[in-house]
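Observations on the model geometry
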Amino acid sequence: LTAIPTAPPRAVDRRVAGLAMMLAPLAVLPLGLAVGAVALTGLPELVKGLLAVGILAIGTRAFHLDGLADTVDGLAASHDRERSLAIMKTGDVGPAGAVALILVIGLQAVGFAYVLHGWRGGVVGMLAVIGSRVALANCCAKGIPGARPGGLGDTYTQTVPVIVTTASWTLVAGALAAATHGIGLEWWRGPLAVAVAGLSVGLLLVH
């Protein structure tokens with residue numbers, strides 16, 4: 001979840017894997033703090049946004065960006081399920097994945113630039129980073145099967161209780177409601193962002 005070196009657990013079974021997915025937002029706290037600190041600089045707005053995205057890319061060794069590109073390439077390549085899964089497993093980035101990277105990085109940079117002003121804006125940015133990892137609980141919730149037997153996610157799938165997933169999204173929505181209100185925006189913007197994120201993850205999982 002980050003490139004920060006930590007001591008590995010003695011063993012990784014489904015119990016440990018499920019706990020890891022539930023604690024994923026806390027694992028990214030150092031990166032959230034780094035993004036929040038960008039708000040305290042006197043840099044131009046868009047530079048702050050791009051710097052925040054760069055911190056996240058470096059702090060995760062671009063792992064999530066690589067996954068985004070692979071996923072979009074697979075979804076755009078074919079209506080055949082097995083072919084899509086095979087494309088996602090390769091390390092190449094196709095045109096669809098490249099466009100997705102440009103679009104998402106651009107949207108993230110502009111979004112960060114919009115809120116990273118002063119310490120209150122830094123709190124919003126930090127919460128957005130931390131809250132984004134709640135998506136992992138969705139992907140590993142009970143009732144959500146893995147993409148393929150024997151895949152990388154087999155250890156993690158269906159290890160998180162649905163009530164934990166629901167509680168996590170609710171907590172993030174509440175925190176962002178208070179934080180967005182604190183920077184002079186309507187309180188509902190935070191929960192709306194969480195709702196859009198949750199719906200997007202849900203639609204991807206259904207597909």
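Residues numbered from 1 in each chain as written. Predicted model: local features only at pLDDT ≥ 70, side-chain atom pairs only at ≥ 80, totals over all residues. Heavy atoms only, no water.

**Re helix H7 (residues 95-115)**
As a reminder of what qualifies: Think of it this way: any DSSP run of H or I at least four residues long counts as a helix, any run of E at least two long counts as a strand, and we number them from the N terminus. Helices are assigned an expected span. That span is 1.5 Å times one less than the residue count. Only protein chains enter the accessibility calculation, which uses a 1.4 Å probe. A residue is then buried if its area is under 20% of the maximum for its type, exposed if over 50%, and partly exposed in between. Whether two residues are in contact is decided by their heavy atoms: any pair within 4.5 Å suffices.
With 21 residues, H7 should cover 30 Å at 1.5 Å per step; its first-to-last C-alpha distance of 31 Å lies within 8% of that length. Along H7, the residues that are buried comprise Gly97, Ala100, Leu101, Ala109, Phe112, Ala113 and Val115. In this structure, the buried residues of H7 make contact with helix H3 (29-38), helix H4 (45-59), helix H5 (63-77) and helix H8 (118-132).

**A look at the side chain of arginine 133**
The condition that has to hold: Counted charges follow a simple rule, with Lys and Arg positive, Asp and Glu negative, and His plus the chain ends left uncounted. By salt bridge we mean one thing: a side-chain nitrogen of Lys or Arg within 4 Å of a carboxyl oxygen of Asp or Glu.
Turning to its location among the elements, arginine 133 is positioned in the loop between H8 and helix H9 (135-139). An unpaired buried charge is present at arginine 133: no salt bridge exists, and aspartate 66, the closest side chain of opposite charge, is 14 Å distant. The contact partners of arginine 133, leaving out residues within four places of it in the chain, are Ala24, Pro25, Val28, Thr60 and His64.

**Notes on unusual backbone geometry**
Outside of glycine, negative phi angles account for most residues, and trans bonds account for most peptide bonds. In the Ramachandran plot, alanine 62 falls in the positive-phi region, its phi being about 60° despite a non-glycine side chain. Structurally, alanine 62 is set in the loop between H4 and H5. By relative accessible area, alanine 62 is classed as partly exposed at 29%. For glutamine 158, which is not glycine, the phi torsion reads 60° and is therefore positive.

**Topic: the confidence of the model for the protein**
Basically, it comes down to this: For every residue, the predictor assigns a confidence score, pLDDT, that lies between 0 and 100.
Of all residues in the protein, 100% attain a pLDDT of 70 or more, and the chain-wide mean is 90. The lowest-confidence element of the protein is helix H6 (residues 81-89), averaging 78 in pLDDT; the highest-confidence one is H4, averaging 96.

**Topic: the pattern of salt bridges**
Taken as a whole and assessed by the stated rule, the structure comprises 1 salt bridge. Between arginine 189 and glutamate 186 there is a salt bridge whose closest N-O contact spans 2.7 Å. Owing to a relative accessible area of 33%, arginine 189 belongs among the partly exposed residues under this scheme.

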